Amino acid sequence: MITVNNRDQLEWSPNMTVQDVLNHMGHTYSLITVTVNDKLVEDEDYDSFVVPDHAFVSVFHLAHGG
Amino acid sequence: METKKIPLTINGIETTVVKGTTLLNAINKLNIDIPTLCHHKDLTPNGSCRLCMCEISMDGKKELVTSCNYPITHSITVETENEKVKKHRKNLSLMYLGRYPNVPVIKDLAKRCEAYDANLFKSEITEESTNACILCGRCVRACEEFIQEKILSFAGRGINRHLTMPFNEVDPHCVGCTSCAYVCPTGAIQIVDQMNNPANPELIRNHGMKVNAEMANLDPYQCRMREVGTANIVEVMDKYDLLPVHNYKFGQHVDTPKIDSKVMKNHYFTQGHPDQCWHGCSMACAKAVDGFKLKTGPYKGHKVCVDGPEYETAGGCSNMGCFDIDFVVEFNFYCDTYGIDTISMGTTMAFVMEAFEAGVITTKDTNGLKLNFGACNEVLTCLHQLSQGEGFGVEVGQGVKFLKEKWSKQKPQFKNFLYDIGMEAKGLEYSEYMCKESLAQQAGYTLALKGPQHDEAWLIFMDMVNNQIPSFEDKAEALYYFPLFRTWFGLQGLCKIVWNDVSPADNKKHPPQQAAKIPEHVDNYWKFFEGMTGIKLDEEKMLNQSARVHNLQKIIGLMLGRNKLIDDIPPYRAVGPVTKEEYTSRSERYDKELKEKIGIDPTPLSIEEKMQKIREYRMHQYHKVMQAAFKRRGWDEFGIPKIERLKELGIDRPEFIQILEKARQEAREQN
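So, how was this worked out
- Each chain carries its own residue numbering, running from 1 in the written order of its sequence.
- Note on labels: chains are lettered from A, ligands numbered from 1, in written order.
- At least 70 in pLDDT is required for a residue's local features to be given in this predicted model, at least 80 for side-chain atom pairs to be given and counted, and no such filter applies to totals for whole chains, interfaces and linings, which use all residues.
- Secondary structure elements are taken from DSSP: a helix is a run of H or I of four residues or more, a strand is a run of E of two residues or more, and numbering for both begins at the N terminus.
- With the radius of gyration taken over C-alpha atoms, the globule rule is written as 2.2 Å times the number of residues to the power 0.38.
- The burial label depends on the number of other C-beta atoms within 10 Å of a residue's C-beta. Counts of 20 or more mean buried, 12 or fewer mean exposed, and intermediate counts mean partly exposed, with C-beta atoms placed from the backbone.
- Contact definition: two residues whose C-beta atoms, as placed from backbone geometry, lie within 7 Å.
- Values of pLDDT, the confidence the predictor places in each residue, fall between 0 and 100.
- Two strands are counted as paired when DSSP detects at least two bridges linking them.
- Fitted lines through C-alpha atoms serve as axes, helices being fitted only where they are in contact, and the angles separating the N-to-C directions of these axes extend from 0 to 180 degrees.
- Residue classes follow a fixed rule: Ala, Val, Leu, Ile, Met, Phe, Trp, Tyr, Cys and Pro count as nonpolar, while Asp, Glu, Lys and Arg count as charged, and any other residue, Gly among them, counts as polar.
- For each domain, the first and last residues come from an automatic or database assignment.
- Each angle is binned into one of four classes, with values under 35 degrees roughly parallel, values over 145 roughly antiparallel, values of 65 to 115 roughly perpendicular, and all other values oblique.
- Each crossing gets its handedness from the near helix: less than a right angle anticlockwise from the far helix is left-handed, clockwise is right-handed.

Turning our attention to the overall build of chain A. Summing up its helical and strand segments, chain A has one helix and five strands in all. Going residue by residue from the N terminus, the α and β elements of chain A occur as β-β-α-β-β-β. Relative to the globule expectation of 11 Å for 66 residues, the C-alpha radius of gyration of chain A, 11 Å, shows essentially globular dimensions. In terms of its C-alpha atoms, chain A occupies a principal-axis envelope of roughly 40 × 25 × 20 Å. Within chain A, the proportion of its 66 residues that are buried is 33%. The contacts in chain A between residues at least 6 apart in sequence include a share of 61% that link residues at least 24 apart.

So, in structure tokens, the structure goes:
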């Protein structure tokens, strides 16, 4: 199990990437910053960075608009 | 899984880069210096100066390539300084030196490439000036890429090639963005400042250019403001369950793609050039639809130009359940033409539609109009009636507050329902964000002194999606900073859009609380202010400028008998589910809230009982965040500024204190 934004629980699976987490959460926003256990993950690594079990994932959406 | 990283070797050093990275960027990443003239970090590379040439080896084959515009797609070996490359650069440098012998960047380049004889390749035309144009073309590209114009271009051939404007005259389309001067490596283009006597025009220009560069390089991958303007938010809000639908009952709808930015871009927007709403701004977020044939109203059959639609207009239409793009554009046009705010009209009509569907009002009340959600033609009829001062439109034009008070008197059995669903505060209709799942957004809207307008309410993502302001104190701090920052824009007459509708590439280096402020862009605004006034700003000084006005607004409101505690309480629709269908649409969320946050097992409860428990809890939470926000603002429990706060801000005039103490006494008696 991993924790997203210190609130949502997500079932962990082997080789789960950051992109898998974003897909599962439905996070399609263009201005996103992701950290896994407080480590910043660059955009180009979303589909290769493997999220470990029990990880704390932060998906920070930068507000815009209106 | 296919990797995006490509291994390569540069001067014997092994490294990896993201596929598609230019060779020059890969070289620079290793801090290897190679000369360039036409290259600029903020412009699309074009390889015209040929100085960045390197030799690459791939599959046993060697070739010279210009590194600035060579995208790395396969593993290669690179040499940046072998004899062949050095000879090539030296010859080029000699030719540059032969034509521009006194230009500092050329002299530096020649020295770097060991090219010393200016007469070896002497040009037929020698430019003796120290700031001669070297025809690098940066300015031409900057004009097109930064500002989407083609004010500058080359004319002539061979040695007669030169830079010019159309017909050799100053082009009226030039918006004065100064991009050309910013990228010019020699100083051949210089800006003459003649406007408003700014204290430091260079400071303004330099920071404005940062915005221009970000727009050119980052906006296409971020918010697409140049492409579709604020309409990009339609699909974002729908995706995140925040788009108001059916008078804020719901946050998304299956028909949203019919009115989203893709539809507007593909079939409607015809204008997207800088309209100079902010002189020199390269964002060009204003969009327009040309040749739109109207189907109703006094201009029926006319082909017109429509300014928009922007997000809030589309959001107003989704709120009315009107997912017809032709309707959105026509609604936009007639609201503009009649001088009516699309937000207030959309929110008011959504309220009317819900009241109609709930049976609170009937066709007897609407002069025969069947105002169900999605009744596009009837909305336009109301709009035209409003402009003519006739029919039911006259009542609609007076807004939600008027309607709910009137209908509550006529039909008191519906009073509670009408006050729950009437989305206004302080007499102003809510703007188009569905806020019931974000406590901070509810307070941002409702505690805004002018009413729930979106420019002071900014916390929906920080709170609801990111969960980055979990405590009441966190929310109160955000409710202090962001509304005052937004107020500050208004005070200075500066546009908000370039604050956070484009974000610096390295904004991720900041922790989330800081990143949300976009520190580099806040600094841009401080530099604009300093450049105009000569006065340096910091966060405290900036916020206090706003806080003075904010507190004065509050004092004036109290003097007029407004801005009381009751005015800071939202209609319940802004806080939680009013109807069973709303509860059912998010029952998993609400049942979880009952169980985990309130400590009640929802299983044996009826929907009505569950709704009541949720309501009590959420309103209690709202009151707590409201009090936390009051405290942070330096106000008392009635939301009235304390005298100490006025002293801090230097606005403790006796007449103001008298107004506050009178209001405080009345509040104590009433609450």
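Moving on, we get to the overall build of chain B. Scanning chain B for helices and strands turns up 28 helices and 12 strands. For chain B, the spread of C-alpha atoms along the three principal axes comes to 95 × 60 × 55 Å. In chain B, of all internal contacts separated by at least 6 residues, the share reaching a separation of at least 24 is 63%.

Moving on, we come to the confidence of the model for chain B. Overall, the prediction assigns chain B a mean pLDDT of 94, with 99% of residues at 70 or greater. At the level of chain-chain contacts, confidence expressed as ipTM amounts to 0.91, with global pTM at 0.90.

The next subject is helix α17 (residues 439-446) of chain B. Residues and elements named next belong to chain B. Counting buried positions over the eight residues of α17 gives eight, a clear majority of the element. Of all the residues in α17, the buried ones are Leu439, Ala440, Gln441, Gln442, Ala443, Gly444, Tyr445 and Thr446. For α17, the elements touching its buried residues are β11 (424-425), α18 (460-465), α19 (472-492) and α26 (607-633).

On to unusual backbone geometry, then. In this structure, the amide linkage connecting B:Gly308 to the following residue, B:Pro309, adopts the cis form with an omega of 0 degrees. Looking at the secondary structure, you find B:Pro309 in the loop between β10 (303-307) and α10 (311-319). Even without glycine at this site, A:Asn37 takes up a positive phi of about 50 degrees. Using a count of 12 C-beta atoms within 10 Å as the deciding quantity, one classes A:Asn37 as exposed.

Glancing now at α10(B). Residues and elements named next belong to chain B. Across the nine residues that make up α10, a large majority, nine, are buried. Looking only at α10, the buried set comprises Tyr311, Glu312, Thr313, Ala314, Gly315, Gly316, Cys317, Ser318 and Asn319. For α10, the secondary structure elements touched by its buried residues are α8 (233-239), α11 (325-338) and α12 (342-357). Directly beyond the C-terminal end of α10, a positive phi value near 75 degrees is found at Gly321.

Moving on, we get to the sheet that holds strand β1 (residues 5-10) of chain B. Residue and element names in this part refer to chain B. Across the sheet, which stays open at both edges, the five strands sit in the order β2-β1-β5-β3-β4 with mixed pairing between neighbours. The strands lining the two open edges of the sheet, one partner per strand, are β2 (13-18) and β4 (61-66). Ignoring which end each strand starts from, the neighbouring axes of this sheet average 30 degrees apart. Sheet topology note: the β1/β2 ladder contains six bridges and is antiparallel. Counted as the bridge partner of Lys5 is Val18 from β2.

Facing 20 residues of chain A, the contacting portion of chain B comprises 28 residues. In terms of residue class, the side of chain A that touches chain B is built from six nonpolar, 11 polar and three charged.

Further remarks concern the environment of B:Ala667. Residue and element names in this part refer to chain B. Here Ala667 shows up in helix α28 (residues 654-670). With 30 residues separating them in the primary sequence, Ala667 and Glu637 have C-alpha atoms 9.6 Å apart. If we skip the residues at most four places from it in the chain, Ala667 touches Leu565, Phe638 and Ile640.

Attention now moves to the sheet that holds strand β5 (residues 56-61) of chain A. Residue and element names in this part refer to chain A. Read across the sheet, five strands follow the order β2-β1-β5-β3-β4 without closing on themselves; strand pairing throughout is mixed. For this open sheet the edge positions go to β2 (8-10) and β4 (39-41), each flanked by a neighbour on one side alone. Neighbour to neighbour, the strand axes of the sheet diverge by 30 degrees on average, direction disregarded. Relative to β4, strand β3 (residues 32-36) runs antiparallel, the two sharing three bridges. Each bridged residue has a counterpart across the sheet, and for Thr35 the counterpart in β4 is Leu40. Along the sheet, helix α1 (residues 18-25) makes contact with β1 (2-4), β2, β3, β4 and β5, crossing β5 at roughly 65 degrees.

Along its sequence, chain B is carved into domain 1 (5-81), domain 2 (223-429) and domain 3 (440-670). Centre-to-centre, using C-alpha coordinates, domain 1 of chain B lies 50 Å away from domain 3 of chain B.

Here we come to the pairing of β4(B). Direction of pairing for strand β3 (residues 53-58) of chain B relative to β4(B): antiparallel, over a ladder of six bridges. The residue bridging B:Ser57 from the neighbouring strand is B:Lys62, located in β4(B).

Attention shifts here to the environment of B:Gly557. All names here are of chain B. Examined against the element boundaries, Gly557 turns out to sit in helix α23 (residues 539-559). Note: C-alpha distance between Gly557 and Met423 (134 residues apart in sequence) is 21 Å. When sequence neighbours within four positions are dropped, the list of residues in contact with Gly557 reads Leu449, Arg562 and Asn563.

Residue and element names in this part refer to chain B. One way to put it is that α11 packs onto helix α13 (residues 376-388) with a least axis distance of 11 Å and a crossing angle of 5 degrees. One way to sum up the angle between α11 and α13 is to call them roughly parallel. Only Cys376, Val379, Leu380, Leu383 and Ser387 of α13 make contact with α11, whose side of the interface consists of Phe327, Glu330, Phe331, Tyr334, Cys335 and Tyr338. Split by residue class, the contact of α11 with α13 holds nine nonpolar, one polar and one charged.

Residue and element names in this part refer to chain A. Looking at chain direction, β3 and β5 are connected through five bridges and run antiparallel. For Thr33, the partnering residue across the bridge sits in β5 and is Phe60. Between β3 and β4, which follow one another and run antiparallel, lie two residues, and Asn37 among them has a positive phi close to 50 degrees.

Residue and element names in this part refer to chain B. Relative to the helices and strands, Gln441 is located in helix α17. Judged by the 27 C-beta atoms lying within 10 Å of it, Gln441 is buried. Gln441 sits 136 residues away from Pro577 along the chain, and the two C-alpha atoms are 16 Å apart. What Gln441 contacts, discounting residues up to four positions off in sequence, is Tyr433, Cys435, Ala457, Leu459, Ile460 and Asp463.

Residues and elements named next belong to chain B. Contact pair α23 / α28: the axes reach a minimum separation of 9 Å and the direction vectors enclose 60 degrees. Judged by the inter-axis angle, α23 sits oblique to α28. Once α23 is placed against α28, the crossing between them reads as left-handed. Contacts between α23 and α28 involve Ile555, Leu558 and Met559 on the former and, on the latter, Phe656, Ile659, Leu660 and Ala663. Residues of the contact of α23 with α28, tallied by class, amount to seven nonpolar, no polar and no charged.

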